[in-house]
Amino acid sequence: MTSRTDVYAREVVMARVSHLVWRKQGEIERIARIMRACFEPEKVQAPRPGKIRRIILIGPYARRSWYEDRHTIQFSDFEFWIVVNHPAFKDERCWQRVRAVIDSELGNRCAIDFDIYSRTDIRIARIERDTFILDRIETGITLYRASRDAPLNELEWREARR
């Protein structure tokens, strides 16, 4: 049971992607939860504890131009950008469990691509006016923001890590 103040409640995340069919909403919400619960920052050494600052849905599902053709088995990929608090946490070792759990749960039902950026990368993009990065952040749908959203409770954390 989630509290009324939990802005990361399943219903709220699904409302952020309410333009999608219900099945896709659920898949996106589940992927975001797995990313948060299975991120393993302790796999690398860094000067501060690892945190996911933001999870952003970009690409066709955010632009409302997604497609799915069951006859040809062609469909849009899910594209996520994850912003972490330090460049060390971009290391693949921190994300191996995330990829494994997503693959085991969602298998071939959907193609998932995620890129990891640090807050430093975003600052540099702003300074350099890198439209590739800035446009996607601007038009993407923020599924999770550490400064705004509640942490996973113990039950949600265990469920996502199974």
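Heads up: the structure comes first, above all this text.
Sequence order as written defines the numbering, with residues in each chain counted from 1. For this predicted model, a pLDDT threshold of at least 70 governs which residues receive local features, and a threshold of 80 or more governs which side-chain atom pairs are given and counted, while totals over whole chains, interfaces and linings are taken from all residues. Side-chain calculation: all heavy atoms of the structure are included, whereas hydrogens and water are not.

(A) Highlighting the packing of helix α2 (residues 22-38) against helix α4 (residues 96-106). Every angle, taken between N-to-C directions, lies between 0 and 180 degrees, and every axis is a line fitted to C-alpha atoms, over only the stretch in contact when it is a helix. Numbering of helices and strands starts at the N terminus; helices are DSSP runs of H or I of at least 4 residues and strands are runs of E of at least 2. Between α2 and α4, the least distance of the axes is 9 Å, while the angle of their chain directions is 150 degrees. Put simply, α2 runs roughly antiparallel to α4. Viewed along their axes, α2 and α4 form a crossing whose handedness is right-handed. Of α4, the residues touching α2 (which contributes E27, R30, I31, I34, M35 and C38) are R97, V98, V101, I102, E105 and L106. Residue polarity follows a fixed list, in which Ala, Val, Leu, Ile, Met, Phe, Trp, Tyr, Cys and Pro are nonpolar, Asp, Glu, Lys and Arg are charged, and the others, Gly among them, are polar. Considering only residue class, the contact of α2 with α4 consists of eight nonpolar, no polar and four charged. Put simply, angles under 35 degrees are roughly parallel, angles over 145 are roughly antiparallel, angles from 65 to 115 are roughly perpendicular, and the rest are oblique. Each helix crossing is assigned a hand: it is left-handed if the near helix lies turned anticlockwise from the far helix by less than a right angle, otherwise right-handed if that turn is clockwise. Contact between two residues is taken to exist if any of their heavy atoms lie within 4.5 Å; hydrogens are not considered.

(B) Fine view of the pattern of salt bridges. Definition used for salt bridges: Asp or Glu carboxyl oxygen within 4 Å of a side-chain nitrogen of Lys or Arg. For the structure shown, the criterion picks out eight salt bridges. Between K24 and E27 there is a salt bridge whose closest N-O contact spans 3.6 Å. With K24 and E27 both in helix α2, this residue pair falls three residues apart, about one helical turn. Buried residues are those whose accessible area, probed at 1.4 Å on protein chains only, stays under 20% of the maximum for their type, while exposed residues exceed 50% and partly exposed ones sit between those limits. For K24, a relative accessible area of 0% gives the class buried. Relative accessible area serves as the criterion here: at 4%, E27 is assigned to the buried category. The residue D121 makes a salt bridge to K90 at a minimum N-O spacing of 2.8 Å. One end of the pair, D121, is in helix α5 (residues 119-128); the other, K90, is in the loop between β4 (78-84) and α4, and 31 residues separate them in sequence. Three or more residues are tied together by salt bridges with common partners; here these are R23, K24 and E27.

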